[in-house]
Amino acid sequence: MSVSVPLCRASLGAEELELVAEVLRSGWLAHGPMNKRFEELFAAFLGVRHAVTMNSCTSALELAVKGLGLGGEVILPSFTFVASANALVTTGCTPVFVDVDHATRNVTAQAIEAAITPRTEAVLVVHYAGLSCDMDAIAEVAGRHGLAIIEDSAETIGGTCRGRVAGSLGVGCFSFFPTKNITTGEGGMLTTNDDALAARVRALCAHGISKDTLDRQAQARPWRRDASLAGHNYRLSNILAALGVAQMGKVGRLNASRRALAALYAAQLADAPLGLPVEPEGFEHVYQMYTVTVPGARRDEVLTALRGNGVEASVHFDPPVHLHAYYREHFPAAAPLPVTEELAASIMTLPMFPDMTPEQVETVCARLREALAGAGVR
């Protein structure tokens with residue numbers, strides 16, 4: 001059956017076309033002026049001093065680790081995309097997996113504190129599906145133990161915890177993949193209030209060549225490029241940055257639309273035999289995904305029925321990272337993660353995108369109820 005309700009669809013329009021055309025006419029296609037504009041807009045949105053564009057959130061995570069000089073244990077939830085852990089392993093750190101809270105699907109300060117050892121150097125929190133972790137509590141624990149904080153905010157652009165935007169307390173790492181709250185197709189951002197860290201990350205992102213070095217050399221020999229670090233080419237193109245500039249002009253509207261659609265879902269599924277997302281007091285959820293839990297080990301049956309009936313539902317995340325083959329062998333979880341494993345087996349992602357219509361929400365809910373009944377979920 002053809003898909004009648006897709007899982008997601010990027011919200012693009014005349015603004016994006018106009019700015020991309022401007023870049024194409026300029027001939028400046030690689031990293032350039034649009035990157036600076038995008039960075040300034042994003043930093044202002046978060047209320048931070050620095051934002052650095054790059055080609056993915058994974059690159060941002062890697063450079064956060066390298067920029068902070070980490071090499072020991074880093075605590076993170078297993079209930080995340082594997083890129084969160086990969087960024088640690090590929091930079092020489094040891095991931096230490098902890099469980100999450102069932103209702104929020106986020107890591108807690110209590111779980112983090114229980115996993116701290118003398119080898120712990122940092123915490124990598126993952127804000128799940130548009131809901132910020134409780135960063136006040138986590139920052140208190142991290143501060144007391146002298147730990148750095150990296151915020152994987154790939155799924156939570158604009159979500160807040162008591163007025164503070166996700167990614168603005170620690171080193172923020174963001175994704176602009178087409179499923180995210182704003183998109184550049186492929187792309188990422190690192191945010192920080194640390195001037196030295198920002199300078200180091202900018203150099204690491206561009207082959208290890210820093211702007212300060214270029215400025216000094218340009219006075220005499222502008223053609224020289226002297227690397228002060230062993231870096232990467234993780235830069236975002238001027239073309240994709242133009243998409244980001246346009247998307248920043250509408251991020252508030254896009255997130256408001258997601259919240260309105262989530263309210264429709266919640267109203268129509270209030271009496272369904274499902275676990276629905278929560279929004280704790282003092283938090284603002286931006287619903288990058290709308291996820292529900294299906295009881296009784298019937299998730300796969302319900303998901304298959306939905307997909308067969310034209311609703312492109314999915315799962316985020318199964319398996320959790322500690323059950324991936326590589327991590328089972330090399331970095332097994334030190335303690336049981338029962339909530340993570342239960343969520344991975346029961347979670348399901350329903351269609352969610354800013355231009356989704358109320359009629360599409362109704363269609364999804366009606367077909368979901370049919371799938372639940374067919375699977376015997378009461």
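Residues numbered from 1 in each chain as written. Predicted model: local features only at pLDDT ≥ 70, side-chain atom pairs only at ≥ 80, totals over all residues. Heavy atoms only, no water.

1. Digging into the layout of surface pockets
Thinking step 1. As a volume, the second largest pocket reaches approximately 530 Å³.
Thinking step 2. Taken together, 27 residues line the second largest pocket, and the ones lying closest to its centre are Phe81, Ser175, Phe177, Thr179 and Lys180.
Thinking step 3. Of all the elements in the fold, those that place two or more residues in the lining of the second largest pocket are α3 (57-68), α4 (82-89) and β12 (347-350).
Thinking step 4. Top element by residues in the lining of the second largest pocket is α3. It accounts for three residues.
Thinking step 5. Split by residue class, the lining of the second largest pocket holds 13 nonpolar, ten polar and four charged. (1 Å grid on protein atoms, 1.4 Å probe; cavity = no way out; pocket = protein on both sides within 12 Å on 5 of 7 lines; lining within 4 Å. Points joined across faces, edges and corners; volume = space filled by probe spheres on them. Helix = DSSP H or I, 4+ residues; strand = E, 2+ residues; numbered from the N terminus. Nonpolar A, V, L, I, M, F, W, Y, C, P; charged D, E, K, R; others polar.)

2. Let's talk about the pairing of strand β1 (residues 50-54)
Thinking step 1. By the criterion of burial, β1 is predominantly enclosed, with five of the five residues buried.
Thinking step 2. Burial along β1 is two-sided: the face carrying His50, Val52 and Met54 and the face carrying Ala51 and Thr53 are both buried.
Thinking step 3. Where β1 lies against strand β9 (residues 188-192), five bridges are found, and the strand directions are antiparallel. Within the sheet, the bridge partner assigned to Thr53 lies in β9 and is Met189. (Buried < 20%, exposed > 50% of the residue type's maximum accessible area, 1.4 Å probe, protein only. Pairing = 2+ DSSP bridges.)

3. Points about the packing of aromatic side chains
Thinking step 1. For the structure on display, the rule yields 15 aromatic pairs.
Thinking step 2. Consider the rings of Phe38 and Phe42, whose centres lie 6.2 Å apart with planes at 80°: the pair is edge-to-face. You can see Phe38 and its partner Phe42 sitting in helix α2 (residues 33-46), four residues apart, about one turn around the helix.
Thinking step 3. Overall, Phe38 belongs to the buried group, its relative accessible area being 0%.
Thinking step 4. Geometrically, the ring pair formed by Tyr128 and Phe317 is edge-to-face, given 6.1 Å between the ring centres and 75° between the ring planes. In this pair, Tyr128 is assigned in the loop between β4 (120-126) and α6 (135-145) and Phe317 in the loop between α11 (299-308) and α12 (325-330), connecting sequence segments 189 residues apart.
Thinking step 5. Assessed through its relative accessible area of 2%, Tyr128 is described here as buried.
Thinking step 6. Within the aromatic cluster, the residues linked to one another by ring pairs are Phe38, Phe42, Phe45, Phe174 and Phe176. (Phe/Tyr/Trp six-rings, centres within 6.5 Å; stacked < 30°, edge-to-face > 60°.)

4. Quick look at the sheet that holds strand β7 (residues 164-165)
Thinking step 1. Read across the sheet, three strands follow the order β7-β6-β10 without closing on themselves; strand pairing throughout is antiparallel. Strands at the two margins of the open sheet, each flanked by one partner only, are β7 and β10 (283-284).
Thinking step 2. Sheet analysis places strand β6 (residues 160-161) next to β7, joined by two bridges and oriented antiparallel. Pairing of Cys161 across the sheet is with Arg164, part of β7.

5. Some words on the sheet that holds strand β5 (residues 148-152)
Sheet strands pair by backbone hydrogen bonding; their relative direction is either parallel or antiparallel.
Thinking step 1. Strand order in the open sheet formed by seven strands is β1-β9-β8-β5-β4-β2-β3, and the pairing between neighbours is mixed. Taken across any chain shown, the strands that pair with only one partner, and hence form the sheet edges, are β1 and β3 (94-98). The mean angle between the axes of side-by-side strands here comes to 20°, regardless of whether they run parallel or antiparallel.
Thinking step 2. Pairing of β5 with strand β8 (residues 171-175) involves three bridges; the strand directions are parallel. Paired with Asp152 across the strands is Cys173, a residue of β8. (Axes fitted to C-alpha atoms, helices over the stretch in contact; angles between N-to-C directions.)

6. Regarding helix α7 (residues 195-205)
Thinking step 1. Within the span of α7, buried status applies to Leu197, Ala198, Val201, Ala203, Leu204 and Cys205.
Thinking step 2. In this structure, the buried side of α7 is in contact with β1, α3, β8 and β9.
Thinking step 3. The backbone nitrogen of Ala196 lies 2.9 Å from a side-chain oxygen of the residue at the head of α7, namely Asp194. (Contact = heavy atoms within 4.5 Å. Polar contact = N/O pair within 3.5 Å; in protein donor to acceptor, adjacent residues only side chain to side chain.)

7. Digging into the packing of α2 against helix α9 (residues 238-248)
Thinking step 1. One can describe the packing of α2 onto α9 by two numbers: an axis separation of 8 Å at closest approach and a directional angle of 35°. Handedness of the crossing formed by α2 with α9: left-handed. Of the residues in α9, those in contact with Pro33, Met34, Asn35, Arg37, Phe38, Leu41, Phe42 and Phe45 of α2 are Asn238, Ala241, Ala242, Gly244, Val245 and Met248. (Left-handed = near helix turned anticlockwise from the far one by under 90°.)

8. Structural notes on the packing of α11 against helix α14 (residues 358-374)
Thinking step 1. One way to put it is that α11 packs onto α14 with a least axis distance of 9 Å and a crossing angle of 135°. Judged on the interaxial angle alone, α14 and α11 are oblique. Read as a crossing pair, α11 and α14 show a hand that is right-handed. Judged by residue contacts, Glu301, Val302, Ala305 and Leu306 of α11 engage Val364, Arg367, Leu368, Ala371, Leu372 and Gly374 from α14.
Thinking step 2. A per-class count over the contact of α11 with α14 returns seven nonpolar, one polar and two charged. (Parallel < 35°, antiparallel > 145°, perpendicular 65-115°, else oblique.)

9. Some points on the nonpolar core
Thinking step 1. Of all hydrophobic cores here, the largest spans 35 residues; its most connected members are Met54, Phe97, Leu124, Ile150 and Tyr327.
Thinking step 2. For this core, the secondary-structure elements that each account for two or more residues are β1, α3, β2 (73-77), α4, β4, β8 and α7.
Thinking step 3. Broken down by element, this core gets its largest block of residues, six residues, from α3.
Thinking step 4. With residues up to four places along the chain from it excluded, the contact list for Met54 reads Ser59, Ala60, Leu63, Gly187, Gly188, Met189, Leu190, Val201, Cys205, Tyr234, Arg235 and Leu236.
Thinking step 5. If you look at the next biggest cluster of nonpolar residues, it comprises 29 residues, including Leu274, Met356, Val361 and Ala375. (Core = buried A, V, L, I, M, F, W, Y, C linked by side-chain atoms within 4.5 Å.)

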